[in-house]
Amino acid sequence: ITEPQSAAPTATDHLPPPPIVTVPPDAGRFSLQAGAFPDEAVAKALAARLDSRGYQVHIVPAQVEGKGSWYRVRVGSYGDRSAAESERSKLSGEGVFAIVVTEN
């Protein structure tokens, strides 16, 4: 009987796992993504601008393969796509172009 051999290490073995962002149980399934930036300061600036306009804003950090850390600026948490689309239209009228995304 031969012992199973472990796989050779790969280039990604040394990378930490991607961050996990938990969504509260009462949160909706959709949000709006108003931007994604490799510079956290830029993401925070957009988030502050949207927050000052009364929007519920959160930043979701993510590891993007081949690109490193990115910071996604998200708005709201909506129970259905139509509510998210309605808020997206409102944002668009204020010059902020966002896309509807599903929460992880």
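Going by the structure above, here's the rest.
What comes next is a walk through the structure. (Residues numbered from 1 in each chain as written. Predicted model: local features only at pLDDT ≥ 70, side-chain atom pairs only at ≥ 80, totals over all residues. Heavy atoms only, no water.)

1. A word on the nonpolar core
Core analysis: the largest hydrophobic core is formed by 17 residues, its most contacted members being Leu32, Ala34, Leu50, Val75 and Leu91. Within the residue set of this core, elements represented by two or more residues are strand E1 (30-37), helix H1 (40-52), strand E3 (68-78) and helix H2 (81-93). Residues within four places of Leu50 in sequence aside, it is in contact with Ala34, Tyr55, Val57, Val73, Val75, Leu91 and Val96. (Core = buried A, V, L, I, M, F, W, Y, C linked by side-chain atoms within 4.5 Å. Buried < 20%, exposed > 50% of the residue type's maximum accessible area, 1.4 Å probe, protein only. Helix = DSSP H or I, 4+ residues; strand = E, 2+ residues; numbered from the N terminus. Contact = heavy atoms within 4.5 Å.)

2. What to know about H2
With 13 residues, H2 ought to run about 18 Å at 1.5 Å a step, and its terminal C-alpha atoms sit 18 Å apart, in line with that. The complete set of buried residues in H2 reads Ala84, Glu87 and Leu91. Down the axis of H2, the buried side of the element spans an arc of 65°, and every buried residue falls inside it. Opposite the buried face of H2, at more than 90 degrees from it, the exposed residues are Ser82 and Gly93. (Expected span 1.5 Å × (residues − 1). Arc of directions from axis to C-beta.)

3. Describing the pattern of salt bridges
Where side chains of opposite charge bring their charged atoms close, a pairing between them can arise. Applying the stated criterion across every chain, the model contains three salt bridges. Among the salt bridges present, the one from Arg53 reaches Glu94, with a minimum N-O distance of 3.3 Å. On the criterion of sequence distance, the pair formed by Arg53 in the loop between H1 and strand E2 (57-64) and Glu94 in the loop between H2 and strand E4 (99-102) is long-range, its members being 41 residues apart. What makes Arg53 partly exposed here is its relative accessible area of 37%. The closest approach of N and O atoms between Arg88 and Glu85, which form a salt bridge, is 2.9 Å. You can see Arg88 and its partner Glu85 sitting in helix H2, three residues apart, about one turn around the helix. What makes Arg88 partly exposed here is its relative accessible area of 29%. (Salt bridge = Lys/Arg side-chain N within 4 Å of Asp/Glu carboxyl O.)

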